[in-house]
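Chains, contacts and geometry: an overview
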Amino acid sequence: MQQPDAFRAGKILRVQAIFGLAIVVFALPFGGSVALSALIGAGICLLANALLAAWVFRGYRAQQPERLVLRFYSAETVKIVFVLGAFGVAYAVLDGLNVPALLGAYFMVQVIPTLIAAQLGNRTTK
């Protein structure tokens, strides 16, 4: 991962990790099961996005854009399978899992840091 897009992806992953930890800290007063569910949701999101970034940006060659597109779609498919599988395992294995906290943390870690990064990127390019 040596190209600018890979560095940008790494920066977003770091922001997602920090945001995920903040969500877990925020969830602590609501009880252990809510905090654990938020940690699992944030962790699944972070791992899935790291998997996608590693898959897409490994051995990147700008001279072969069609291979990059195929790699991206393959990585996104693997990410979706991973997320669904991880949610299924968490639901099957953990008693007292708080599903709204799990899904809420996943959604917030997926969406909010990306929106923040997009807004900051728009400000620096103007």
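This text follows the structure it describes.
This text gives an overview of the structure that appears in the document.

Parameters at a glance
- For every chain, the first residue of the written sequence is number 1, and numbering continues from 1 onward in sequence order.
- Totals for whole chains, interfaces and linings use all residues, but because this is a predicted model, local features are given only for residues with pLDDT of at least 70 and pairs of side-chain atoms are given and counted only at 80 or more.
- In computing side-chain properties, one takes all heavy atoms of the structure into account and sets aside hydrogens as well as water.
- Helix and strand assignments come from DSSP, with helices taken as H or I runs of at least 4 residues and strands as E runs of at least 2, each series counted from the N terminus.
- We call two residues in contact whenever any of their non-hydrogen atoms come within 4.5 Å of each other.
- Think of a patch as exposed residues, more than 30% relative accessible area, with no salt bridge, where like charges cluster within 9 Å and nonpolar side chains (Val, Leu, Ile, Met, Phe, Trp, Tyr) cluster within 5 Å.
- Exposure was quantified through the Shrake-Rupley algorithm and a 1.4 Å probe, taking into account, for residues, occlusion by the shown protein chains and nothing else.
- Whenever a carboxyl oxygen of Asp or Glu lies within 4 Å of a side-chain nitrogen of Lys or Arg, that contact is scored as a salt bridge.
- Residue burial is assigned from relative accessible area. The probe radius is 1.4 Å, only protein chains are included, and a residue is buried under 20% of its type maximum, exposed over 50%, and partly exposed in between.
- We call a set of buried residues a nonpolar core when its members are Ala, Val, Leu, Ile, Met, Phe, Trp, Tyr or Cys and they connect through side-chain atoms within 4.5 Å of each other.
- What a helix should span is 1.5 Å times the count of its residues minus one.
- Working convention: axes come from line fits to C-alpha atoms, limited for helices to the stretch in contact. Angles between N-to-C directions cover 0 to 180 degrees.
- Relative orientations are named as follows: roughly parallel for angles under 35 degrees, roughly antiparallel for angles over 145 degrees, roughly perpendicular for angles from 65 to 115 degrees, and oblique for any other angle.
- Whether a crossing is left-handed or right-handed is set by the direction in which the near helix is turned from the far one by less than a right angle, anticlockwise for left-handed and clockwise for right-handed.
- Side-chain classes are defined by residue name, with Ala, Val, Leu, Ile, Met, Phe, Trp, Tyr, Cys and Pro counting as nonpolar, Asp, Glu, Lys and Arg as charged, and the others, Gly among them, as polar.

**A closer look at the side chain of Ser37**
Mapping Ser37 onto the fold places it in helix 2 (residues 32-57). With sequence-adjacent residues up to four places away left out, Ser37 is seen in contact with Leu97, Asn98, Ala101 and Leu102.

**A few points about a nonpolar patch on the surface**
Together, Val69, Phe72 and Tyr73 line one region of the surface with nonpolar side chains, adding up to about 310 Å² of accessible area. Checked against the element boundaries, Val69 lands in helix 3 (residues 65-93). By relative accessible area, Val69 is classed as partly exposed at 45%.

**Quick notes on the nonpolar core**
Side chains of a nonpolar character, in soluble globular proteins, are inclined to be buried together. Within the largest apolar cluster, 21 residues are counted, with the highest numbers of intra-cluster contacts made by Ala38, Ile40, Ile44, Val83, Phe87 and Tyr106. For this core, the secondary structure elements donating two or more residues are helix 1 (4-27), helix 2, helix 3 and helix 4 (99-125). Top element by residues in this core is helix 2. It accounts for eight residues. Not counting residues within four places of it along the chain, the set of residues in contact with Val83 comprises Ile44, Ala48 and Tyr106. Among the nonpolar cores identified, the runner-up in size contains eight residues, and Ala9, Leu52, Ala53 and Phe57 belong to it.

**Description of helix 2**
Here helix 2 spans 37 Å end to end across 26 residues, near enough to the 38 Å set by a 1.5 Å rise per residue. Backbone geometry just after helix 2 places Gly59 at a positive phi near 55 degrees.

**A look at helix 3**
The terminal C-alpha atoms of helix 3 lie 41 Å apart, and with 29 residues this matches the ideal 42 Å at 1.5 Å per residue to within 8%. When we look at burial in helix 3, the residues that qualify are Arg71, Ala75, Lys79, Val83, Ala86, Phe87 and Ala90.

**Some thoughts on the packing of helix 2 against helix 3**
Taken N-terminus to C-terminus, the directions of helix 2 and helix 3 make an angle of 160 degrees; their axes are 9 Å apart at the nearest point. When the axes of helix 2 and helix 3 are compared, the pair comes out roughly antiparallel. For the crossing formed where helix 2 meets helix 3, the hand is right-handed. Taken together, the residues of the contact of helix 2 with helix 3 break down into 18 nonpolar, two polar and three charged.

**Describing the side chain of Gln16**
Tracing the sequence through the fold places Gln16 in helix 1. Leave out the neighbours within four places in its chain, and Gln16 touches Leu46, Asn49, Val109, Gln110, Pro113 and Thr114.

**Side note on the environment of Ala75**
Looking at the secondary structure, you find Ala75 in helix 3. Classification of Ala75 as buried rests on a relative accessible area of 2%. Each C-alpha atom of the pair Ala75 and Ala54 lies 8.9 Å from the other, and the pair is 21 residues apart in sequence. Contacts of Ala75, omitting those with residues within four sequence positions, involve Leu52, Trp55 and Val56.

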